[in-house]
Amino acid sequence: MNKKILIGAVAILVVAAAAGGWFFMKPKPAPVAQQVPQRDILIGFSMGTLQEERWQRDRDEFLKKADELGVVVDLQAANNNVETQISQIEGMIFKGVDVLVIAPHDADKLTAVIDKAHQAGIKVMSYDRLITKADIDLYLSFDNVKVGEYQATYILQAVAAKIAAGQKVKIAYIGGAKTDNNAFLFKKGAFNILQPAIDKGQVEIVVDKFSDNWDPQNAYKNLKAYLDKNDGLIDAVVAANDGTAFGSISALKEYGLDGKVPVSGQDAELSAIKRIIAGTQSMTVYKPISKLAAAGVELAIKLAEGAPINSVSTVNNVKMDVPSILLESIAVTKDNIDQTVMTDGYYSSKDIY
Ligand code: BGC
């Protein structure tokens, strides 16, 4: 090959490469594992709170799954403040997210901002907590009535001997935040189980309180106020989650009743699992958050792409019957810690023991 021809060939190669042609120079294919499909989707994930351990897990698992599926997430948490959450959602709409996933702090204060999202052509998923009084495209959560049923079922069993002995047992219901629709669902479930015993005169509900912001301190205050007025006379506590269980147990402790009075919970927080082992909390409810978060990302992508979604049920949110997907949870006691949260990899045995 003379010099001129060689220079000409190199020039052709350079021009072809620059034009992105590569028609005769096939690049080496990338190894399959690295081929993450980069979808052009931006998910806005608005979280009402990161207060409880579980929400931090929701955040981490959601981002992990999004990364795996090659989508980008704008995630913001509102620190239990409805104005903050509304302005964060407005920011996401302005930015042009393709879909909104919202775990609301205040269930019925988002109507206007969700209307705005829909006007901008953005679909909205209600995540874990139902948004009420608004048009919602999908609700993804757990069967929260069942969570409440698990709690009350355990507690009723724990006082069964007293009932059998003819005693009218005193039970406190320490609920969640009034702003959270889930708090009503957990309560509904608990009373599905308690009501027949109340009607038979076997059970007396001596405290029935919500805990503002799900704050353990408020749970403590509500139970403590009752105990102070009633010489610590209590047989059991149905607490709506592990945070309110912790607050309740702190109040019981002041009367030397921690470990003696059964207390329920929910979320399988590490501290709760440790209390169950120590005997101060009786049970918790494990909700596999990684499943929820992964489904959240997958379904958000479908919503963004306008793909059909097979929702199996609907839940009414005052405004409409919202297409819903509800996952299963599991009651956890001392007896099945290893087969539930440990088998599932939620915690390692080193975390727990
Ligand atoms: C969630 C619970 C959580 C509570 C407090 C509820 O909506 O379902 O898992 O403990 O909020 O954040």
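Scroll up to find the structure.
These numbers come from a predicted model, not from an experiment. (Residues numbered from 1 in each chain as written. Predicted model: local features only at pLDDT ≥ 70, side-chain atom pairs only at ≥ 80, totals over all residues. Heavy atoms only, no water.)

Peer 1: Help me out: how do you make sense of the packing of helix α2 (residues 53–69) against helix α11 (residues 289–305) in this one?
Peer 2: Helix-helix packing: each pair is described by the crossing angle between the helix axes and the interaxial distance. Following both chains from N to C, one finds α2 and α11 inclined at 45°, their axes separated by 8 Å at the closest point. Put simply, α2 runs oblique to α11. Note that α2 runs across α11; the crossing there is right-handed. Facing α2, whose interface residues are Arg54, Arg57, Asp58, Glu61, Phe62, Lys65, Ala66 and Leu69, α11 presents Ile289, Ser290, Leu292, Ala293, Ala294, Gly296, Val297, Glu298 and Ile301. In terms of residue class, the contact of α2 with α11 is built from nine nonpolar, two polar and six charged. (Axes fitted to C-alpha atoms, helices over the stretch in contact; angles between N-to-C directions. Helix = DSSP H or I, 4+ residues; strand = E, 2+ residues; numbered from the N terminus. Parallel < 35°, antiparallel > 145°, perpendicular 65-115°, else oblique. Left-handed = near helix turned anticlockwise from the far one by under 90°. Contact = heavy atoms within 4.5 Å. Nonpolar A, V, L, I, M, F, W, Y, C, P; charged D, E, K, R; others polar.)

Peer 1: What is the right way to look at the sheet that holds strand β5 (residues 138–142) in this model?
Peer 2: Pairing between the strands of a sheet is mediated by backbone hydrogen bonds and can be parallel or antiparallel. Taken in spatial order, the seven strands make up an open sheet running β2-β1-β3-β4-β5-β11-β10, and their pairing is mixed. The two strands at the open ends of the sheet, each matched to only one other strand, are β2 (72–77) and β10 (313–316). With strand direction ignored, the average angle separating the axes of adjacent strands in the sheet is 25°. Here strand β4 (residues 123–127) runs beside β5; their pairing, made up of three bridges, is parallel. (Pairing = 2+ DSSP bridges.)

Peer 1: Honestly, the sheet that holds strand β6 (residues 169–174) in this entry has me stumped. Any pointers?
Peer 2: Judged by pairing direction, the sheet is parallel, and its three strands sit side by side in the order β7-β6-β8 without closing on themselves. Each edge of the open sheet carries a strand with a single partner, namely β7 (203–209) and β8 (236–239). The mean inter-strand angle of the sheet, taken between neighbouring strand axes irrespective of direction, is 20°. As defined by bridge partners, β6 adjoins β8 across four bridges and the pair is classed as parallel.

Peer 1: Just checking my understanding: could you explain the nonpolar core for this structure?
Peer 2: Buried together is how nonpolar side chains tend to be arranged in soluble globular proteins. In terms of nonpolar packing, the biggest core is built from 38 residues, with Ile43, Phe62, Tyr127 and Val341 touching the most fellow members. When residues of this core are assigned to their parent elements, the largest contribution, nine residues, is made by α11. For Phe62, the contacting residues outside a window of four places in its chain are Ile43, Phe45, Val73, Val101, Tyr127, Ala293, Gly296 and Val297. Counting residues in each nonpolar core, the second largest holds 23 residues, with Val147, Val169, Ile171 and Ala177 among its members. (Core = buried A, V, L, I, M, F, W, Y, C linked by side-chain atoms within 4.5 Å. Buried < 20%, exposed > 50% of the residue type's maximum accessible area, 1.4 Å probe, protein only.)

Peer 1: Got a minute to help me understand the site of the ligand in this structure?
Peer 2: Taken together, 13 residues are adjacent to the ligand, and Glu52, Trp55, Arg129, Asp180 and Asp267 come closest. Arg129 is positioned such that a nitrogen or oxygen atom in its side chain is 2.8 Å from an oxygen atom of the ligand. Notes on the ligand: free accessible area 310 Å², of which the protein chains cover 100%. Taking a 2 Å distance to the grid points as the criterion, the majority of the atoms of the ligand fall inside the largest cavity. Within the residue set of the shell around the ligand, elements represented by two or more residues are α2 and α7 (181–199). (Near = heavy atom within 4 Å. Polar contact = N/O pair within 3.5 Å; in protein donor to acceptor, adjacent residues only side chain to side chain. Areas by Shrake-Rupley, 256 points an atom, 1.4 Å probe, with all protein chains shown as cover. 1 Å grid on protein atoms, 1.4 Å probe; cavity = no way out; pocket = protein on both sides within 12 Å on 5 of 7 lines; lining within 4 Å. Sits in = over half its atoms within 2 Å of the grid points.)

Peer 1: Quick question: what am I supposed to make of helix α8 (residues 216–229) here?
Peer 2: The end-to-end C-alpha separation of α8 is 20 Å, in line with the 20 Å expected for 14 residues at 1.5 Å each. Those residues of α8 that fall on the buried side of the exposure criterion are Asn218, Ala219, Tyr220, Leu223, Lys224, Tyr226 and Leu227. Among the structural elements, β6, β7, β8 and α9 (242–253) are those in contact with the buried residues of α8. Near the N-terminus of α8, the side chain that reaches the backbone nitrogen of Gln217, with its oxygen 2.9 Å away, is that of Asp215. Count one or two residues on from α8 and you reach Asp231, which has phi positive near 50°. (Expected span 1.5 Å × (residues − 1).)

Peer 1: Explain the pattern of salt bridges to me, please; I cannot follow it from the model alone.
Peer 2: It is possible for side chains of opposite charge to pair when their charged atoms get near one another. Scanning the model with the defined rule gives 18 salt bridges in all. Between Lys224 and Asp228 there is a salt bridge whose closest N-O contact spans 2.9 Å. Within this pair, Lys224 and its partner Asp228 are both found in helix α8, separated by four residues, close to a single helical turn. On the accessibility criterion, Lys224 (19% relative accessible area) is buried. Look at the salt bridges and you will find they share partners, linking Arg54, Asp58 and Asp128 into a network. (Salt bridge = Lys/Arg side-chain N within 4 Å of Asp/Glu carboxyl O.)

Peer 1: Any chance you could explain helix α10 (residues 270–278) here in plain terms?
Peer 2: Residue pairs three or four apart in sequence face the same way in an α-helix, which turns once every 3.6 residues. If you check which residues of α10 are buried, you get Ala272, Ile273, Arg275 and Ile276. What you see down the axis of α10 is that its buried residues fit within an arc of 160°, all on one side. Residues of α10 that are buried make contact with α9, β9 (284–286), β12 (330–332), α12 (338–342) and α13 (349–352). Looking one or two residues past α10, Gly279 carries a phi angle of roughly 95°, positive in sign. (Arc of directions from axis to C-beta.)

Peer 1: Could you clarify how one ought to interpret the packing of aromatic side chains in this entry?
Peer 2: By convention here, two paired aromatic rings are described through the distance between centres and the angle between planes. Inspection of every chain in the model, using the stated rule, returns eight aromatic pairs. For the pair Phe186 and Trp214, a centre-to-centre distance of 6.1 Å together with 65° between the ring planes defines the contact as edge-to-face. Taken together, the residues Phe186 in helix α7 and Trp214 in the loop between β7 and α8 connect sequence positions 28 residues apart. A relative accessible area of 2% places Phe186 in the buried class. Clustering of aromatic rings is evident, with ring pairs tying together Phe45, Phe62 and Tyr127. Across from the ring centre of Trp55, 3.8 Å away, lies the NZ or CZ of Arg54, which sits over that ring. (Phe/Tyr/Trp six-rings, centres within 6.5 Å; stacked < 30°, edge-to-face > 60°. Lys NZ or Arg CZ within 6 Å of the ring centre and 35° of its normal.)

Peer 1: For this particular structure, what's the right way to read empty space enclosed by the protein?
Peer 2: Over the atoms, a rolling probe the size of a water molecule traces out where space has been left empty. Summed over all chains, the structure comprises two cavities of 30 Å³ or more. The computed volume of the largest cavity comes to approximately 110 Å³. Around the largest cavity, the lining is made up of 13 residues, and of these Trp55, Arg129, Trp214, Asn241 and Asp267 lie nearest the centre. Counting only elements with at least two residues in the lining of the largest cavity, the list comes to α2 and α7. Taken together, the residues that form the lining of the largest cavity break down as three nonpolar, three polar and seven charged. (Points joined across faces, edges and corners; volume = space filled by probe spheres on them.)

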